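# Understanding the architecture of this molecule
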Amino acid sequence: MAVTAVLAEAARALLYPPRCVFCGEITRFARVFYDEENFSKYTCDSCGEPLEPLSASKTPLCAQCGAENAGAGERCPACARRETALSGNYALFLFERRPRRLVLALKDGERVEPLLRTVIKGCLDAGRFSGADFLAPVPPWEGRPDHAGLIARIVSDITGVPALAGVMERVLPPGADKIPEQKRTHPSKRFENALGTVFLAGRDKNLRKSEILAKGIFLIDDIYTTGGTMNACASVLLEAGAAWAKGFTVCAARE
Ligand SMILES: [Zn+2]
Ligand SMILES: [Zn+2]
């Protein structure tokens, strides 16, 4: 790090004392969780323990969303009600406690990339990506930050599976003048709303299709809630000739 950058970082640390990403405690004297060189983010001692991935859970996981499945079936009740083009989702964590804080910090634009990288690296089973030809991040709405793209690059670095950005784009449905507020929408409606908002990107659709044809593709996103967006992406990819589309998300939410 250049001297000026170090000074700027030090001044920043004085003005805004580092806080634990997970619980918000000021952590000036706490240990650095992930990266000695980057002193802008810390975790407190009690939050610095490694995270436990869902794959270590004793409760069976839903074959569709990847969350812990409290029901008796192969899929959780909410997933069992839906037809999806996605062949299952691999989620690292439930959208709870520390993983939830991490994803929310990412969405809030906090500088959590190194921490996110450490967490994913510590928990990812790279074997789950074997046979995949490429990773495709779920496209952001125009002008919105590309969190899925960041996660795809991290997963690509760990697994060696290439990440292909810009395969798809998200477009507002006809007549809509703003991005739908997902939080206020009923889950089943939310799932349906996502269909028809994802398209192959770029002018040359035939070139796009040739990239996708017969490929095994992992869709990447930060969180799986209803799976609506992922399913919309999977439909587009399968229609364009993909062999299969599976999902990977940092978190899966219980509906
Ligand atoms: Zn903490
Ligand atoms: Zn499920």
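In case you missed it, the structure is sitting above this.
Just so you know, these numbers come straight off a predicted model, no measurement behind them.

### Thoughts on the sheet that holds strand β6 (residues 244-252)
Taken in spatial order, the four strands make up an open sheet running β1-β6-β5-β2, and their pairing is parallel. Either end of the sheet is taken by a strand with one partner, and the two such strands are β1 (89-94) and β2 (134-137). With direction set aside, neighbouring strand axes in the sheet form an average angle of 20°. Sheet contacts for helix α3 (residues 97-107): β1, β5 (216-224) and β6; angle to β6, the most-contacted strand, approximately 105°.

### Some points on the packing of helix α4 (residues 113-123) against helix α5 (residues 147-159)
Between α4 and α5, the least distance of the axes is 10 Å, while the angle of their chain directions is 45°. With respect to each other, α4 and α5 are oriented oblique. Read as a crossing pair, α4 and α5 show a hand that is right-handed. From α4, E113, L116, R117, I120 and K121 reach across to α5, where they touch L150, I154, V155 and I158.

### Quick notes on unusual backbone geometry
Despite not being glycine, R97 has its phi angle at roughly 45°, a positive value. Note on placement: R97 falls in helix α3. A positive phi angle is found at A214, which is not glycine, with a value near 65°. Mapped onto the elements of the fold, A214 is located in the loop between α7 (205-212) and β5.

### Observations regarding the pairing of β5
Counting buried residues along β5, eight of its nine residues qualify, which places the element largely inside the surrounding structure. Of the strand pairs in this sheet, β5 and β6 are connected by eight bridges, and their pairing is parallel. Within β6, the residue paired with F218 across the bridge is K246. Between the parallel pair β5 and β6, the chain is carried across by helix α8 (residues 228-239), and the sense of this crossover is right-handed.

Scoring rules and cut-offs
Residues numbered from 1 in each chain as written. Chains lettered and ligands numbered in written order. Predicted model: local features only at pLDDT ≥ 70, side-chain atom pairs only at ≥ 80, totals over all residues. Pairing = 2+ DSSP bridges. Helix = DSSP H or I, 4+ residues; strand = E, 2+ residues; numbered from the N terminus. Axes fitted to C-alpha atoms, helices over the stretch in contact; angles between N-to-C directions. Contact = placed C-beta atoms within 7 Å. Parallel < 35°, antiparallel > 145°, perpendicular 65-115°, else oblique. Left-handed = near helix turned anticlockwise from the far one by under 90°. Buried ≥ 20, exposed ≤ 12 C-beta atoms within 10 Å, placed from the backbone. Right-handed = clockwise from strand over helix to strand, strands pointing away.

As far as function goes, none of this settles anything; it's purely spatial.
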